[in-house]
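The chain contents come next:
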Amino acid sequence: MATVTLKPIKTPELIFEGYSITPDAFAGKTAQQIAGLTGHEGKIVTTIGDFFEVSGNAGETAADTDIIINGDCARVKYIGSKMTAGSVTVNGNADMYLGGWMKGGKIYVTGNVDSFCGIQMQGGEILIDGDAKNHVGCAYRGDWRGMKGGTIRIRGSAGNDIGTFMLGGTIIIEKNAFIHVAPHAEGGTVIIKGDVEGRVGGQMVKGDMYVLGKIKFMMPGYQKVGTVEKEVDGVTQTFDHYIGDLGERHPKSKGQIVYANLYLKAAA
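Reference entry: report on the structure contained in this document. Keep in mind that what you see is a predicted model, and the values were worked out from it rather than measured. (Residues numbered from 1 in each chain as written. Predicted model: local features only at pLDDT ≥ 70, side-chain atom pairs only at ≥ 80, totals over all residues. Heavy atoms only, no water.)

Brief notes about the overall build of the chain
When helices and strands are counted, the chain shows two helices and 22 strands. Since a compact globule built from 268 residues should have a radius of gyration of about 18 Å, the 20 Å found for the chain is in line with a globular shape. Projecting the C-alpha coordinates of the chain onto the three principal axes gives extents of approximately 60 × 35 × 35 Å. Per-residue burial for the chain yields a buried fraction of 51% across its 268 residues. Here the contacts in the chain between residues at least 6 apart in sequence split such that 38% fall between residues at least 24 apart. Of the roughly 11900 Å² that the chain leaves accessible, carbon and sulfur atoms contribute 47%. Distance between charge centroids for the chain: 5 Å, based on 27 positive and 28 negative side chains. (Helix = DSSP H or I, 4+ residues; strand = E, 2+ residues; numbered from the N terminus. Rg over C-alpha atoms; globule rule 2.2 N^0.38 Å. Buried < 20%, exposed > 50% of the residue type's maximum accessible area, 1.4 Å probe, protein only. Contact = heavy atoms within 4.5 Å. Areas by Shrake-Rupley, 256 points an atom, 1.4 Å probe, with all protein chains shown as cover. Lys, Arg positive; Asp, Glu negative; His and termini not counted. Charge placed at Lys NZ, Arg CZ, Asp CG, Glu CD.)

The structure is reproduced here in structure tokens:
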């Protein structure tokens, strides 16, 4: 594996749209060529070299290329967007659209991320040590196609609209979430290990949700149907099983109506 290291040397006056910071765009290029790859700051066309010191040459392919960013990228959008292979490590924070539309590879952020992390993700892995803001693994605004595959793990807390219009894949929030978990979802799995304010599974058609903490305000469209044991992220626990959203249309499979599943950890 070849490693390309980026070190921030200038803070964007607005926001740097770093859509070229991907193993796919770096593959086969020297450090000098990588520094010349374009981005945008508002309407102005800029380059990676305007904001980062670049060292190391990329591998021949995306799969052979690791990118390490040593410094804060809280004002750098689109890191790892549309990547298909390889890895990106951000030793700091990252801005919006991290890993958006990605199809493969791995992204690791040691800090926090802004909104739209993993938007319309199709494959690969995203790991965030800190918190995420809103719209994790969601659909693009005005679209109905959310995350389709891959895994997003947030070790901190997240905001609202997690997995909106989700179709597949897995989102794991290891602490708390605010509101709107998997709204309009038609597949996939969302795991919240902490508490949720409410609006869990609103207009959800199918898929699975797990809440290991408490839901302050339960959606009225969910009906308890039993208590089950389920293995969640490697740990077997007891859950109250709810189905819903009963007010939403649902498909049938072998003559049986398919509902979304909400598993709420049972009281000890």
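Notes on the sheet that holds strand E17 (residues 215-217)
By way of backbone hydrogen bonds, the strands of a sheet pair with one another, either parallel or antiparallel. As summarised here, the arrangement of the three strands in space is E13-E15-E17, forming an open sheet in which the pairing is parallel. Strands at the two margins of the open sheet, each flanked by one partner only, are strand E13 (177-181) and E17. Taken over all neighbouring pairs, the strand axes of this sheet differ in orientation by 35 degrees on average, direction set aside. Pairing between strand E15 (residues 196-200) and E17: two bridges, direction parallel. Note that in E17 the partner of Gly198 across the bridge is Phe217. (Pairing = 2+ DSSP bridges. Axes fitted to C-alpha atoms, helices over the stretch in contact; angles between N-to-C directions.)

Comments concerning the environment of Asp72
Mapped onto the elements of the fold, Asp72 is located in the loop between strand E6 (65-70) and strand E7 (76-77). In contact with Asp72, not counting residues within four places along its chain, are Pro8, Asn91, Gly92 and Asn93. Side-chain polar atoms of Asp72 contact the backbone nitrogen of Ala74, separated by 3.2 Å. Within the structure, the side chain of Asp72 is placed 2.9 Å from the side chain of Asn93, a separation counted as a polar contact. (Polar contact = N/O pair within 3.5 Å; in protein donor to acceptor, adjacent residues only side chain to side chain.)

Here's the deal with the nonpolar core
One finds Leu6, Ile21, Phe26, Ile48, Phe52, Ile79 and Leu98 to be the most contacted residues of the largest nonpolar core, which totals 58 residues. Setting aside anything within four residues of it in sequence, one finds Ile79 in contact with Gly18, Ile21, Ile69, Cys73, Val88, Val90, Ala94, Tyr97, Leu98, Gly99 and Ile107. With seven residues, the next largest nonpolar core counts Ile172, Ile191, Leu212 and Tyr263 among its residues. (Core = buried A, V, L, I, M, F, W, Y, C linked by side-chain atoms within 4.5 Å.)

Focus: the sheet that holds E7
With mixed pairing, four strands are arranged side by side in an open sheet as E4-E3-E2-E7. The open sheet has two edge strands, strand E4 (44-47) and E7, and neither has a second partner.

Some words on the packing of aromatic side chains
Counted under the stated rule, the structure contains nine aromatic pairs. Aromatic side chains Tyr97 and Trp101 sit 6.0 Å apart centroid to centroid with 15 degrees between the ring planes, which places their arrangement in the stacked category. Judged by its relative accessible area of 11%, Tyr97 is buried. Judged by centre distance (5.1 Å) and plane angle (10 degrees), the rings of Tyr97 and Phe116 are stacked. You can see Tyr97 sitting in the loop between strand E8 (87-91) and strand E9 (106-109) and its partner Phe116 sitting in the loop between E9 and strand E10 (125-128), a full 19 residues away along the chain. Each member of the pair, Tyr97 as well as Phe116, is classed as buried. Through a chain of ring-to-ring contacts, three or more aromatic side chains come together here, namely Tyr78, Tyr97, Trp101, Phe116 and Tyr140. The ring of Trp144 is capped by Arg145, whose NZ or CZ atom sits 5.4 Å from the centre of that ring. (Phe/Tyr/Trp six-rings, centres within 6.5 Å; stacked < 30°, edge-to-face > 60°. Lys NZ or Arg CZ within 6 Å of the ring centre and 35° of its normal.)

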